[in-house]
Amino acid sequence: MVKLLVAALLACSAAQAAPFLAGGDVSVLPLMEAHGAIYSDRQGKPGDALKILADYGHNIARLRLYDSPGPGTGADGYYWPEGSMDLPDLLKLARRAKALQMQIQLTLHYSDFWTNSKTQNLPTAWARELARLPDETARRARLAELVFERTREVMLAMQAQGTSPEFVSLGNEIEHGMLYPYGRISPPGAEGWDGLAPLLRAGHAAVRSVTPSAKIVLHLDDGGNLGKYRDWFDQAKAHGVEWDVIGASYYPFWTQKTASQMAAFSRAVTALYDKDLLVMEVGFNWTPKLPNGWPGQLSDNGPYPASMSSAQGQRDFMAELFGLLKREPRVLGLLYWDPVMIAKPGVGWALLEGKGGGKAQAGPNVVSNTTLFDFKGRALPVLDAWREQSLNHQSPQVKP
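Note that the structure is a prediction, hence the values are computed from the model and not measured.

A closer look at the environment of Gln 261
Phase 1 of the analysis: Topologically, Gln 261 is positioned in helix α10 (residues 259–273).
Phase 2 of the analysis: Its relative accessible area of 37% is what places Gln 261 among the partly exposed residues.
Phase 3 of the analysis: Separated by 154 residues in sequence, Gln 261 and Thr 107 have C-alpha atoms that sit 26 Å apart.

Listed below in structure tokens is the structure:
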């Protein structure tokens, strides 16, 4: 009995010693580098962007995976570039992150393109396979198998090179489900959950079959909206879906919530489900306009004054957010969006399909005014906030 108690106390102590996780989604970095992007630290010294981030205290990298991006696999005439964020690209970037002692948060989009509540397209190859099956029942059963097989394939590939992820998100911003139309839901309520739940259970089983220690994340948008999260996770629980971590996107612009409101939400939702929370996305303007003079994806910073759309304002916001979230015992950390997608010709949110054999053109880069580096690739003052929090971290008080 004494030995068991000591072991539990030691495990609890080890959990409490874990640092607050602070990083960002660096998936686009290889594409940026291929287009000649150059990054430098606060003093203007050029270097590897990933190492610069690590030196300032980034201890986790979010990496997203598309299945087979390229022409003809996107939506509304746009697609993601071939060879970017596919499995070989992911594996290379995972090796770089692990070499810098970063943890990895893997986001499986289960698509060839961006996914969110509006767009959750089936991978093109999957859609072709399902179309050959005789009926809806057969297609739904096969789709669950495809989720299991692909998830397991990716997890085995990461395990084989020694870069198993610590966190795995089954889908991206799945408040309306994933793999439309089969996994689409109409929240609030139970409509569609009989289609979504088997897909999430299949992904969960695949992760557990390879890396049982990986924490499984279910990620929604609109961090701060407790009613939305309660409705969604109540249904997940009722339909036998298991998860380890609640994932939330938090942008003051989209949510109209302050950092203190986000902290209060985090406290409430983690208590409601007795689960930890990871802020999967957070973004804040460091300047009001893109290089072309147009507003970016975040037209402003929501409840924060226009004067905070500045390099110092971004730093102050992140310092406030770090301070508040680190006081919440069940908040594991946060991931910034997008830290490295600086202004660079040829790189945008997607490529427009070429017409008549013409070369595809890049759509606008709508996040270059919310990055952690300025338009020329020099580290912004916000990274000083990362460094300060990493040197004076307060650990989550994880239950034994």
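So, the pattern of salt bridges
Any two side chains of opposite charge can pair if their charged atoms end up close together.
Phase 1 of the analysis: Scanning the entire structure with this criterion turns up 23 salt bridges.
Phase 2 of the analysis: With a closest N to O distance of 2.5 Å, Asp 276 and Arg 330 form a salt bridge. Taken together, the residues Asp 276 in strand β12 (residues 276–282) and Arg 330 in the loop between α11 (311–325) and β13 (331–336) connect sequence positions 54 residues apart. Take Asp 276 and Arg 330: they sit in the same class, and that class is buried.
Phase 3 of the analysis: Between Arg 315 and Glu 388 there is a salt bridge, with the nearest N and O atoms lying 2.7 Å from each other. One end of the pair, Arg 315, is in helix α11; the other, Glu 388, is in helix α12 (residues 382–391), with 73 residues separating them in the sequence.

Section: the packing of helix α4 (residues 87–99) against helix α6 (residues 136–160)
Phase 1 of the analysis: In contact at an axis separation of 10 Å, α4 and α6 are set at 35° when each is read in the N-to-C sense. Between α4 and α6 lies a crossing of right-handed hand. The residues of α6 that touch α4, namely those facing Leu 87, Leu 90, Leu 91 and Ala 94, are Arg 150, Glu 153, Val 154, Ala 157 and Met 158.
Phase 2 of the analysis: Across the contact of α4 with α6, the residue classes tally to seven nonpolar, no polar and two charged.

Remarks on unusual backbone geometry
The general pattern is negative phi for most residues beyond glycine and trans for most peptide bonds.
Phase 1 of the analysis: In this model, Pro 187 is joined to Pro 188 through a cis peptide bond whose omega is -5°.
Phase 2 of the analysis: Going from Trp 337 to Asp 338, the amide bond is cis rather than trans, its omega being -20°.
Phase 3 of the analysis: Here Asp 338 lies in the loop between β13 and β14 (351–352).
Phase 4 of the analysis: Despite not being glycine, Asp 222 has its phi angle at roughly 60°, a positive value.
Phase 5 of the analysis: If you trace the backbone, Asp 222 turns up in the loop between β10 (215–220) and α8 (226–238).
Phase 6 of the analysis: A positive phi is found at Asp 274, a non-glycine position, where the angle reads about 55°.
Phase 7 of the analysis: Considering the arrangement of structural elements, one finds Asp 274 in the loop between α10 and β12.
Phase 8 of the analysis: A relative accessible area of 44% places Asp 274 in the partly exposed class.

Comments concerning the side chain of Glu 281
Phase 1 of the analysis: Its place among the elements puts Glu 281 in strand β12.
Phase 2 of the analysis: Here Tyr 251 takes part through its side chain, which lies 2.5 Å from a polar atom of the side chain of Glu 281.
Phase 3 of the analysis: Among all residues touching Glu 281, those that are not within four sequence positions of it are Arg 62, Asn 172, Glu 173, His 219, Ala 248, Ser 249, Tyr 250, Tyr 251, Leu 335 and Trp 337.

Rules and cut-offs
Residues numbered from 1 in each chain as written. Predicted model: local features only at pLDDT ≥ 70, side-chain atom pairs only at ≥ 80, totals over all residues. Heavy atoms only, no water. Helix = DSSP H or I, 4+ residues; strand = E, 2+ residues; numbered from the N terminus. Buried < 20%, exposed > 50% of the residue type's maximum accessible area, 1.4 Å probe, protein only. Salt bridge = Lys/Arg side-chain N within 4 Å of Asp/Glu carboxyl O. Axes fitted to C-alpha atoms, helices over the stretch in contact; angles between N-to-C directions. Left-handed = near helix turned anticlockwise from the far one by under 90°. Contact = heavy atoms within 4.5 Å. Nonpolar A, V, L, I, M, F, W, Y, C, P; charged D, E, K, R; others polar. Polar contact = N/O pair within 3.5 Å; in protein donor to acceptor, adjacent residues only side chain to side chain.

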